[in-house]
Amino acid sequence: MSESFVDAEHVLRRVLNPLRSAALGSLLYAAPFVLLKRSTLSSATLKSAAAFGVFAGVFRAIRNVLDDLRAGSPRDSIVEVLNEYSAGISGFIAAFALVATDNSFASSLFVIWCFLKSMSPLVLPSIKSAPWMPLAITTLATTIALPAGYRKAELHHPSYSTFLHSWVHAAGVKLEHWNKVLPGKSLSHRVHPDMSLARFMVTRIFTSTFIMSCKLYAPLYVLWSLPKFPHFDVASTTVNFSRSVLFLASYVSCLWAGILIASLIRPGRNLYGAGMYSWLWIPSLCVLFERPRRQLDLGIYIMAHAVNSIYRGLKLRGDLRPNTFVGALLLGCSAAATFHSWRTSPKSMKVVRMLFGPSDLEREKEQKCSSLERDEVGGVERAGRKGKERQAS
């Protein structure tokens with residue numbers, strides 16, 4: 001009776017955990033869109049939220065199946081393989097389920113970002129001996145992404161182009177004045193004709209970039225802090241928020257200043273020529289305001305846009321054609337590498353643990369703790385029985 005009850009409880013847990021992960025994944029995906037855009041969810045967003053829920057649910061289900069195979073396998077070689085690669089295999093299969101539900105996840109930008117992000121565990125050990133590496137990645141990415149997008153907007157992902165244009169609109173500048181230089185005139189002649197460059201930077205650029213940065217990071221930090229509530233560190237979160245705002249505001253302000261000054265030096269000429277590469281390293285220095293780990297994340301983010309601009313340029317020339325299966329395959333490899341690295345995580349974030357379960361290392365610790373607790377309980381029960389036997393004798 002007790003064994004059948006345990007088996008039923010095991011099966012029920014195996015069914016409910018993937019369903020719970022799927023529901024939670026969909027909710028967590030949709031929440032930022034509601035907070036950031038403050039509007040109703042579009043059908044595309046709902047479809048993507050459902051797809052991410054499928055990804056989380058399939059990962060949990062496949063991992064459960066592999067765990068059961070590992071427990072019931074009589075061969076040590078199979079057990080060893082499943083011990084090592086069960087998380088990676090689950091991530092690989094879940095990525096295909098993600099793309100099958102919503103093929104927008106096979107877009108070039110998302111696939112490139114996931115692939116670069118999955119390589120970060122290989123880079124992290126090198127940062128200790130080479131702390132300049134995140135700055136080098138950010139500098140290289142900026143020198144590729146900015147000239148490409150300024151010269152030809154279609155080289156960037158449409159959403160990223162809209163994001164870049166929002167900084168222009170926030171400064172009260174018309175987009176057509178920003179992109180076109182009149183013959184023999186500097187860009188300042190159209191962008192700020194009634195004020196000096198210094199006054200324009202102080203009253204319009206610094207103010208608008210600071211406000212935009214606060215609006216962007218405030219909801220993100222709220223979302224990052226919710227899983228830690230009520231035990232998150234308010235002082236640390238405030239400092240990190242300030243560093244993020246300072247980075248983004250100074251980064252965009254330096255780009256504004258660089259382009260406007262370059263236009264004053266070479267009036268009427270194209271701003272995306274070779275001279276642009278002589279100063280693009282300066283805005284990249286602003287990444288040093290961020291925490292070391294965040295520096296690498298930002299470098300990877302900008303590098304993803306840089307690589308994507310190269311890909312889109314080759315696609316526009318007809319040298320490459322998009323392929324959903326190839327995108328799903330790269331996404332699957334990225335997910336496999338990411339979850340294979342995660343399996344040895346000593347302490348997962350609460351959200352990650354709720355979505356995908358404990359890492360293998362966490363699970364081993366829990367099993368050891370539970371076995372120790374059972375041994376302690378068993379020892380107490382045995383001591384109690386012996387005490388009763390003595391009293392009876």
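Residues numbered from 1 in each chain as written. Predicted model: local features only at pLDDT ≥ 70, side-chain atom pairs only at ≥ 80, totals over all residues. Heavy atoms only, no water.

**Overview of the overall build of the protein chain**
Looking only at helices and strands, the protein chain has 16 helices and zero strands in total. Looking at the 393 residues of the protein chain, the share that counts as buried comes to 38%. Taking as baseline every contact in the protein chain between residues at least 6 positions apart, the subset at least 24 positions apart corresponds to 76%. (Helix = DSSP H or I, 4+ residues; strand = E, 2+ residues; numbered from the N terminus. Buried < 20%, exposed > 50% of the residue type's maximum accessible area, 1.4 Å probe, protein only. Contact = heavy atoms within 4.5 Å.)

**A few points about the packing of aromatic side chains**
Aromatic rings considered in pairs are described by the distance between their centres and by the relative angle of their planes. Throughout the structure, instances matching the rule amount to 21 aromatic pairs. Here phenylalanine 59 and phenylalanine 356 contribute two aromatic rings whose centre-to-centre distance is 5.2 Å and whose plane-to-plane angle is 80°, an arrangement assigned as edge-to-face. Within this pair, whereas phenylalanine 59 is found in helix 2 (residues 43-72), its partner phenylalanine 356 is found in helix 15 (residues 350-356), the two being separated by 297 residues in sequence. With relative accessibility at 0%, the residue phenylalanine 59 sits in the buried group. Between phenylalanine 105 and phenylalanine 110, the ring centres sit 5.4 Å apart and the planes meet at 70°, which makes this aromatic pair edge-to-face. By relative accessible area, which is 7% here, phenylalanine 105 ends up buried. An aromatic cluster is defined as three or more aromatic residues linked by ring pairs; in this entry it consists of Tyr29, Phe52, Phe55, Phe59, Phe105, Phe110, Trp113, Phe339, Trp342 and Phe356. (Phe/Tyr/Trp six-rings, centres within 6.5 Å; stacked < 30°, edge-to-face > 60°.)

**Topic: the packing of helix 4 (residues 108-118) against helix 13 (residues 292-317)**
Packed helix pairs are specified by the crossing angle of their axes together with the interaxial distance, meaning the distance between the axes. The contact between helix 4 and helix 13 brings their axes to 9 Å, and the two run at 140°. In this view, helix 4 runs oblique relative to helix 13, as classed from their interaxial angle. In this structure, helix 4 meets helix 13 at a crossing whose hand is right-handed. Touching Ser108, Leu109, Ile112, Trp113, Leu116 and Lys117 of helix 4 are Arg293, Asp297, Ile300, Tyr301, Met303, Ala304, His305, Val307, Asn308 and Tyr311, all from helix 13. Among the residues making up the contact of helix 4 with helix 13, the classes are represented as ten nonpolar, three polar and three charged. (Axes fitted to C-alpha atoms, helices over the stretch in contact; angles between N-to-C directions. Parallel < 35°, antiparallel > 145°, perpendicular 65-115°, else oblique. Left-handed = near helix turned anticlockwise from the far one by under 90°. Nonpolar A, V, L, I, M, F, W, Y, C, P; charged D, E, K, R; others polar.)

**Considering the side chain of histidine 192**
Along the chain, histidine 192 turns up in the loop between helix 9 (188-191) and helix 10 (197-225). For histidine 192, the side chain forms a polar contact with the main-chain oxygen of methionine 195, separated by 2.9 Å. The residues contacting histidine 192, other than those within four sequence positions of it, are Leu197, Phe200 and Leu260. (Polar contact = N/O pair within 3.5 Å; in protein donor to acceptor, adjacent residues only side chain to side chain.)

**Details of the pattern of salt bridges**
In total, this model carries four salt bridges according to the counting rule given. A salt bridge links glutamate 290 to arginine 294; the nearest nitrogen and oxygen atoms lie 3.7 Å apart. Glutamate 290 gets classed as buried once you look at its relative accessible area, which sits at 0%. On the accessibility criterion, arginine 294 (14% relative accessible area) is buried. Between aspartate 319 and arginine 317 there is a salt bridge, with its nearest N and O atoms 3.2 Å apart. (Salt bridge = Lys/Arg side-chain N within 4 Å of Asp/Glu carboxyl O.)

**Here's the deal with the nonpolar core**
Membership of the largest hydrophobic core comes to 38 residues, with the highest contact counts inside it found for Val173, Trp178, Phe247, Trp256, Leu260 and Trp279. Contributions of two or more residues to this core are made by helix 6 (133-151), helix 7 (158-170), helix 10, helix 11 (234-265) and helix 13. For leucine 260, the contacting residues outside a window of four places in its chain are Trp178, Leu187, Ser188, His192, Leu197, Phe200 and Met201. (Core = buried A, V, L, I, M, F, W, Y, C linked by side-chain atoms within 4.5 Å.)

**Re a nonpolar patch on the surface**
A contiguous nonpolar surface patch, about 430 Å² in accessible area, is contributed by Phe115, Phe325, Val326, Leu329 and Leu330. Inspection of the secondary structure puts phenylalanine 325 in helix 14 (residues 324-342). With relative accessibility at 53%, the residue phenylalanine 325 sits in the exposed group. (Patch = residues over 30% accessible without salt bridge, like charges linked within 9 Å, V, L, I, M, F, W, Y side chains within 5 Å. Areas by Shrake-Rupley, 256 points an atom, 1.4 Å probe, with all protein chains shown as cover.)

**Structural notes on the environment of isoleucine 259**
Considering the arrangement of structural elements, one finds isoleucine 259 in helix 11. Taking the C-alpha atoms as reference, isoleucine 259 lies 9.3 Å from leucine 280; in sequence the two are 21 residues apart.

**Comments concerning the packing of helix 10 against helix 11**
It is at 8 Å that the axes of helix 10 and helix 11 come closest, and there the two elements cross at 145°. The chirality of how helix 10 crosses helix 11 is right-handed.

**Some details on the confidence of the model for the protein chain**
Summing up the model confidence of the protein chain, the mean pLDDT is 80 and the portion of residues at 70 or higher is 77%. When mean pLDDT is taken per element in the protein chain, helix 4 scores highest with 92 and helix 16 (residues 360-392) scores lowest with 57. (pLDDT = per-residue confidence, 0-100.)

**Quick look at helix 10**
Over its 29 residues, helix 10 runs 39 Å from end to end, which matches the ideal 42 Å to within 8%, given 1.5 Å per residue. Among the residues of helix 10, those classed as buried are Leu197, Phe200, Met201, Ile205, Ser208, Thr209, Ser213, Tyr217, Pro219, Tyr221 and Ser225. (Expected span 1.5 Å × (residues − 1).)

**Quick look at the environment of phenylalanine 232**
One can find phenylalanine 232 in the loop between helix 10 and helix 11. Of the residues examined, phenylalanine 232 reaches a relative accessible area of 25% and is grouped as partly exposed. Excluding its chain neighbours within four sequence positions, the residues that come into contact with phenylalanine 232 are Ser225 and Thr237.

**Describing the state of the cysteines**
Each disulfide consists of a covalent bond between the sulfur atoms of two cysteine residues. In total, this model carries zero disulfides according to the counting rule given. Free cysteine cysteine 286: the closest other cysteine sulfur is in cysteine 254, separated by 3.9 Å. Accessibility expressed as a relative area gives 6% for cysteine 286, which makes it buried. (Disulfide = S-S within 2.5 Å.)

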